[in-house]
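Coordinate inspection notes
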Amino acid sequence: MPSFLSLLLLSIILATVSAGSDYTERLLLRPLPQSALLASFNFRSNDSQLSFEEQNFRYFPRSLGQILQHAHTKELHLRFSLGRWDAESWGQRPWNGAREGGTGVELWAWVEADDEDEAFSRWLTLTNALSGLFCASLNFIDATKTIRPVMSFQPEGDHSNAPNLHLLHGTLPHEVVCTENLTPFLKLLPCKGKAGISSLLDGHKLFDASWQTMSIDVRPTCGIDGHCTLEMEQSVDMVLDIDRSKRPRDNPIPRPLPIEEIKCDTSKGYNAGDTCYPLDKSSEPSWNLTEVFGRSLKGACPLTDQEGENAETVCINTPPERTVDVNTTGSYIESRAVGDTLRCYKLPTGHDFDLNLPSQQMTTGLVLPSPPLSAARSINGHGQERGSIQTVITNPSPTSAVEFVYLESLPWFMKPYLHTLRARISASPENPVLETYYRPAVDRLRGTHLELRMRIPAASTLTLSYDFEKAILRYTEYPPDANRGFDVAPAVISLIDPAASDGRGQYVRTTSLLLPLPTPDFSMPYNVIILTSTVMALGFGNIFNLLVRRFVGAEEVVAGGGGLGALVRGKIDRLKGLLGK
Amino acid sequence: MSTPEGVDASSAPVTSSDGPGSSSTRHGAATSRRQPPPEPKDSLWLRRAVILSFWLVVVVLGLPVWWKTTAIYRAELPLQTMTDWADGKICKPVFPLRIAVEAPIAQQDAQHLVRTTQHALDDLNDFSAHHLRLMLLDPPLAPNASQQVVPDGSILEENDKENIALLVRLVSVETGTTPRSRLQPYSPTLDVYYTANQLPSPSSTGSPLATFIAHELHKIFAEEQARLAYLLSTTSGARTAKSKSLSAETAAELERQSTRALKYAPTYHLTFSLFSPTYLPSAWEIEEALQDYLSPLLDSFRSISNFTVDTQVQLYSTFSPSMRQPEYDDVLKAWTLRKEDLSGFINAAEWPLSPSIGAGPTVNFALYVPDQAQSPLLVKENGGNSWLVPQWGGIFILNPADAHEDSTPSFLAKDALAPAMHAFSDQLVSLLGLPQSPASLPLRLSTLTRVRAASLLFSASSTLGALARLYRALPSIPVPDMVAQSVDLTAAHLQHACDSLREGRFQGALEHARIAEGEAEKAFFERSMVGQVYFPDEHKVAVYLPLLGPVAVPLIMAGLKELKSMTGSIFPKRSP
């Protein structure tokens, strides 16, 4: 229990990092069960609002700054995500889910505009420009993929012109996040991946992770004195499989260990010299930074503070008994906090730094905090015409009820029947839906936007289901891989008034869904053209012949009268005559 | 079924078809088969009418409708006019410059002086398209001011005053060498100092003062004339006024300058970037430096273009790996870059020098602070530390002043930035194509106005010509109405620009030429024109072939048979 408390403390400490300094960065490492390792990179840079408006960029990247100015965007949140967070074994999400997005790309922003049309045109400008900057297909976020959430998202920054701000939200669940998105992400950092913790970020390992999310958050913050700064926060969170990451890049195929090195369960009846039931590994695996990340940590980024808490840029969260060896030629400072479960290091500048954790038999472990909610969503039903969606949301807390907003953004070709919407709570007849916001889809113009405010009592499960109809698309609207199915964006669950709120909110996202739509035979148009043409030509030929030909009695037909057949027949007759002679 | 031949052959010998007697006569002549009765004339004609009407419907209605409905739309363009513009047949740009003379002497004397000076000037001028016209400015106290007759007969009106290129002010002095002149650096004014006895006498046709003024004026506008002459000579089709011949080295110098200069745009984005291979210096006093060193220059350019300025700091910016690393030179006691490596100095792959958002080109100015270990860093051949990248921007290597300090300063103050800012100003001036002389900035700016107007005029005209060639060369591209509208607008504005040039309203000419250029580019780069380039007419036919083929075969066969029978009935075949 002490370690659980300390974790709560820890998250508060990590959240309150950086106030006032212009550039801070921090890496938090946390070994997770099943030899997984969570690495949370966080970079934060500030520029004053004044110099931002005059386009004098120092820590804020010029490319992104100009885009924001051009599109009149006051607050921006951009997410690139891949994989699934395994909440059952990994516990609560990093940053309480506030710095992660649904699978693919998710973008939401507060755009300043006088009316909705202007806001939407600026939103298009923004998505197109970001698409170029991050080499992602963000320009495909059009009206059908854009919604205007009402309850789910709250601005994180301090905005002076709140009535003219429009929140727009778009998702691209089909987008595959890859190295080409990481490179521009690193270029936005002042130290550019050449020094500091960003030197650990390598595309090969990042996109090989079990779960990873990259986020960019821009928000204005104003002090009490009226001095405003623009804060940009970039973060990369990933869960690495240590065994998988340690495989050398030139020999990545896993091979079974020699049998001598495997610990066998000798209690099994079939255990013998050539049969073995492997025991679970009880010891923590050995690893170091260079092995796991594929790169070495090249010292500190000198732009961070040299004194104080923000100077400690690498932290590792392990039980106090775990051995952590530091391997560096420079001078470093280690400090311990939160009951020794958090060890932080001030890195040397200009010298490589490495943490070495040997294999160790552990007696204690960290208690991972459990998530406030867990959610799973699936498509049920069969056939090409209809289906239904079922979402199961569980509140594991034995004592407190949870209130949340469930946001669903469905593509227009998936048409829900709202009258079939059912929300049931296990072992309770009450209706959990408190408030509904629904904006129906318009074919080819906009998608469905459904927001439900719900309340789920302690230790119970909520089941939400509704039926939908699959639309038939036009021939040209199918993508090249139409038979793969169409991605449906993850549902976003945002908790209302969570206990440990830091102004960012708490979020849980479901996985994305794959919706199979009826797909036509794509050679159909040509078949139709050819078939129709043949029928028309047949009809035409008949009518034309009836009109043009002369009809005579059958016995009146002239022998060998015309046509190819007659010609051939004539030739044969002549040949016969010649042969008969 | 009978064939036309069969009908012809049988119709010749038989007289009556249905008579029972005739059948017995045929028994002996041919086989046991009965011949079909001869076809009545009216059914023959009916069949021909049917075939003809089918053909008519197909040819007159079907094919045109099919062709029309599947055709791509091509708006009508005034091709001949466009080609004429490109060939310079419509507009021969001329540059009549008004030069006002202000003389504190009697009216007749002043007029005489102006007349003799104009004569001298005309003798000097060998470039007919560009000529200077002297006008006598009203003396401040003269009555009847609007009726002053100027030498070439036109009347100097009030609204012409803003189009005066240069004011020549005659100042009578007693001391110093006379005549002498002084060009004011910040106003388009030439002060000429003279003594009273240098004024031409009413009877003489020349005087040292007149000759002097003429020579001075000629000298001031020499570079402008050279530029315009170069522009006219390089533009294809503009075969006008090639009387002024340029020496080879002048032409080479002008070419060098014109390849350096950026294309004209109403807005330029200036980006000042601080690059450092390490993390130092990470801050610079750029706002103040820009305010002090650059704002005055930008303000003076406002009449021609607008500017936006942005700055950035980029640390850990290393050279690209393909570039040859700097070498230490013992003689210079400095690290040196070879001149041929300068083109690879900018690491375009890693340094974030993306163009700014918004219309208009971006001019980049890069300030590079080398690592302490490689300082000072110079260009090997000439020991310089700044250079210009044509049509892109400029680079300045700032070697920290205190070389004996053991580390690069973490902060660049305004004074440390001064040399860099001066270099950037010079580079900006050349990138904008501002001429080197004369010394007066307003004069150089007005020269730039004229050169820009002329070059925009030529480039818009040649774009029109290129569009006309494209229209003719690719008959399968669609041309929407937007293009035709843009072309019309371009031609109209080109005409306005040309007229404005002729009337000496150069600012107006620049405005019109700017619009014309924009519209011409819009027409040429119309996006929907490229959509169907790769969908030729053959595809259209191929898709409809399953219909056209089976329909066409019976039509053609029936038509051929009928034609054959008609020719057969006119020239009857001799039966064997």
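For clarity, every value in this text was computed on a predicted model and none was experimentally measured.

Details of the pairing of strand E11 (residues 362–368) of chain B
Residue and element names in this part refer to chain B. Counting buried residues along E11, seven of its seven residues qualify, which places the element largely inside the surrounding structure. On E11, burial covers both faces: Thr 362, Asn 364, Ala 366 and Tyr 368 on one face and Val 363, Phe 365 and Leu 367 on the other are all buried. Alignment of strand E6 (residues 267–275) against E11, held across seven bridges, turns out to be parallel. The partner of Phe 272 across the bridge, within E11, is Phe 365. Looking at chain direction, E11 and strand E14 (residues 393–397) are connected through five bridges and run parallel.

Side note on the interface of chain A and chain B
The interface of chain A with chain B comprises 42 residues on the first partner and 51 residues on the second. Across the chain A/chain B interface, buried area totals approximately 4,200 Å², and carbon plus sulfur atoms make up 60% of it. Linking chain A with chain B are two salt bridges, by the criterion used here. Ionic pairing is found between B:Glu350 and A:Lys194, a salt bridge with its closest N-O pair at 3.1 Å. The interface formed by chain A and chain B contains 18 residue pairs in polar contact (both at pLDDT 80 or more). Every element with two or more residues in the side of chain A that touches chain B is listed here: helix H3 (62–70) and helix H10 (524–548) of chain A. With nine residues, the top contributor of residues to the side of chain A that touches chain B is H10(A). A per-class count over the side of chain A that touches chain B returns 22 nonpolar, 10 polar and 10 charged.

Section: a negative patch on the surface
A surface patch of negative charge is lined by A:Glu53, A:Glu54, B:Glu287 and B:Glu288. Residue position: A:Glu53 is located in helix H2 (residues 49–53).

Overview of H10(A)
Helix length check: H10(A), at 25 residues, gives a terminal C-alpha distance of 35 Å against a target of 36 Å (1.5 Å per residue), a fit within 8%. Taken together, the buried positions of H10(A) are occupied by A:Ser533, A:Ala537, A:Phe540, A:Gly541, A:Phe544 and A:Val548.

Some thoughts on the packing of aromatic side chains
Residue and element names in this part refer to chain A. In this structure the tally under the stated criterion is 36 aromatic pairs over all chains. Pairing Trp 108 with Phe 153 gives two aromatic rings, centres 4.6 Å apart and planes at 35°, and the pair type is tilted. Of this pair, Trp 108 sits in strand E4 (residues 104–112) while Phe 153 sits in the loop between strand E5 (146–147) and strand E6 (165–172), and the two are 45 residues apart along the sequence. For the pair formed by Trp 108 and Phe 153, the shared burial category is buried.

So, the packing of helix H12 (residues 481–503) of chain B against helix H13 (residues 506–524) of chain B
Residues and elements named next belong to chain B. The contact between H12 and H13 brings their axes to 8 Å, and the two run at 160°. Taken together, the axes of H12 and H13 are roughly antiparallel relative to one another. Where H12 crosses over H13, the two elements pack in a sense that is left-handed. Across the interface between the two elements, Met 482, Val 483, Ser 486, Val 487, Leu 489, Thr 490, His 493, Leu 494, His 496, Ala 497, Ser 500 and Leu 501 from H12 touch Phe 506, Gly 508, Ala 509, His 512, Ala 513, Ile 515, Ala 516, Glu 519, Ala 520, Lys 522 and Ala 523 from H13. Its residues assigned to classes, the contact of H12 with H13 comprises 14 nonpolar, seven polar and two charged.

Here we look at the UniProt feature "transmembrane region" (unreviewed entry) in chain B
The positions UniProt marks with the feature "transmembrane region" (unreviewed entry) are residues 45–67 of chain B. Helix makes up 100% of residues 45–67 of chain B and strand 0%. Its end C-alpha atoms lie 31 Å apart.

A few points about the confidence of the model for chain B
Residues and elements named next belong to chain B. Summarising the model, chain B shows a mean pLDDT of 79, and 84% of its residues fall at 70 or more. When mean pLDDT is compared element by element in chain B, E11 scores highest at 93, while helix H1 (residues 4–11) scores lowest at 41. In the predicted structure, residues 1–30 sits below a pLDDT of 50 and forms 26 contacts with residues beyond four places in sequence or in another chain. A low-confidence stretch, residues 140–158 (pLDDT under 50), is modelled with 25 contacts involving residues beyond four sequence positions or located in other chains.

Brief notes about the UniProt feature "transmembrane region" (unreviewed entry) in chain A
When the UniProt feature table is mapped onto this chain numbering, "transmembrane region" (unreviewed entry) sits at residues 526–548 of chain A. For residues 526–548 of chain A, helix accounts for 100% and strand for 0%, while the C-alpha atoms at its two ends are 32 Å apart.

Points about the sheet that holds E11(B)
Residues and elements named next belong to chain B. The five strands lie next to each other as E8-E6-E11-E14-E13, forming an open sheet whose pairing is mixed. Strand pairing shows two members of the sheet lacking a second neighbour, strand E8 (306–314) and strand E13 (386–389), which therefore form its edges. The average angle at which neighbouring strand axes cross in this sheet is 15°, direction not considered.

So, the pattern of salt bridges
In this structure the tally under the stated criterion is 46 salt bridges over all chains. Across the salt bridge formed by A:Lys415 and A:Asp443, the nearest N and O atoms sit 3.4 Å from each other. Of this pair, A:Lys415 sits in strand E20 (residues 414–425) while A:Asp443 sits in the loop between strand E21 (433–439) and strand E22 (448–456); the two residues are 28 residues apart in sequence, bridging distant segments of the chain. Residue A:Lys415 is classed as partly exposed on the basis of its relative accessible area, which comes to 26%. Since its relative accessible area comes to 37%, A:Asp443 is described here as partly exposed. Notably, a salt bridge pairs B:Arg514 with B:Glu511, separated by 4.0 Å at the nearest N-O pair. In this pair, B:Arg514 and B:Glu511 are both assigned in helix H13, three residues apart and thus about one turn of the helix distant.

Structural notes on the packing of helix H9 (residues 286–300) of chain B against helix H10 (residues 414–431) of chain B
Residues and elements named next belong to chain B. Interhelical geometry of H9 versus H10 gives an angle of 30° and a closest axis separation of 9 Å. In this view, H9 runs roughly parallel relative to H10, as classed from their interaxial angle. Read as a crossing pair, H9 and H10 show a hand that is right-handed. Contacts between H9 and H10 pair Ile 286, Glu 288, Ala 289, Leu 290, Asp 292, Tyr 293, Leu 294, Leu 297 and Leu 298 from the former with Lys 414, Leu 417, Ala 418, Met 421, His 422, Ser 425, Leu 428 and Val 429 from the latter.

As for the sheet that holds strand E12 (residues 325–328) of chain A
All names here are of chain A. Spatially, three strands are ordered E10-E15-E12 in an open sheet, and the strand pairing comes out antiparallel. Here the strands that pair on one side only, and so sit at the sheet edges, are strand E10 (287–288) and E12. Here E12 runs beside strand E15 (residues 353–357); their pairing, made up of four bridges, is antiparallel. Across the sheet, residue Val 326 finds its bridge partner in E15, namely Leu 355.

Some remarks on the state of the cysteines
Disulfide: a covalent bond formed between the sulfur atoms of two cysteine residues. Residues and elements named next belong to chain A. For the structure shown, the criterion picks out five disulfides over all chains. Across a sulfur-sulfur distance of 1.8 Å, Cys 191 and Cys 301 are joined as a disulfide pair. The sign of the S-S torsion, about 65°, decides the handedness of the disulfide formed by Cys 191 and Cys 301: right-handed. Taken together, the residues Cys 191 in the loop between helix H6 (179–187) and helix H7 (203–206) and Cys 301 in the loop between helix H9 (289–293) and strand E11 (312–317) connect sequence positions 110 residues apart.

Here's the deal with the environment of B:Tyr368
Residues and elements named next belong to chain B. Summarising the element assignment, Tyr 368 is placed in strand E11. In this structure the C-alpha to C-alpha distance between Tyr 368 and Leu 274, which are 94 residues apart in sequence, comes to 6.0 Å. The contact partners of Tyr 368, leaving out residues within four places of it in the chain, are Phe 275, Pro 277, Ser 317, Phe 319, Phe 345, Trp 351, Leu 377, Phe 396, Ile 397 and Leu 398.

Calculation criteria
- Residues numbered from 1 in each chain as written.
- Chains lettered and ligands numbered in written order.
- Predicted model: local features only at pLDDT ≥ 70, side-chain atom pairs only at ≥ 80, totals over all residues.
- Heavy atoms only, no water.
- Buried < 20%, exposed > 50% of the residue type's maximum accessible area, 1.4 Å probe, protein only.
- Helix = DSSP H or I, 4+ residues; strand = E, 2+ residues; numbered from the N terminus.
- Pairing = 2+ DSSP bridges.
- Contact = heavy atoms within 4.5 Å.
- Buried area = accessible area lost by both parts, 1.4 Å probe.
- Salt bridge = Lys/Arg side-chain N within 4 Å of Asp/Glu carboxyl O.
- Polar contact = N/O pair within 3.5 Å; in protein donor to acceptor, adjacent residues only side chain to side chain.
- Nonpolar A, V, L, I, M, F, W, Y, C, P; charged D, E, K, R; others polar.
- Patch = residues over 30% accessible without salt bridge, like charges linked within 9 Å, V, L, I, M, F, W, Y side chains within 5 Å.
- Areas by Shrake-Rupley, 256 points an atom, 1.4 Å probe, with all protein chains shown as cover.
- Lys, Arg positive; Asp, Glu negative; His and termini not counted.
- Charge placed at Lys NZ, Arg CZ, Asp CG, Glu CD.
- Expected span 1.5 Å × (residues − 1).
- Phe/Tyr/Trp six-rings, centres within 6.5 Å; stacked < 30°, edge-to-face > 60°.
- Axes fitted to C-alpha atoms, helices over the stretch in contact; angles between N-to-C directions.
- Parallel < 35°, antiparallel > 145°, perpendicular 65-115°, else oblique.
- Left-handed = near helix turned anticlockwise from the far one by under 90°.
- UniProt positions renumbered as here; feature names shortened; annotations may be inferred.
- pLDDT = per-residue confidence, 0-100.
- Disulfide = S-S within 2.5 Å.

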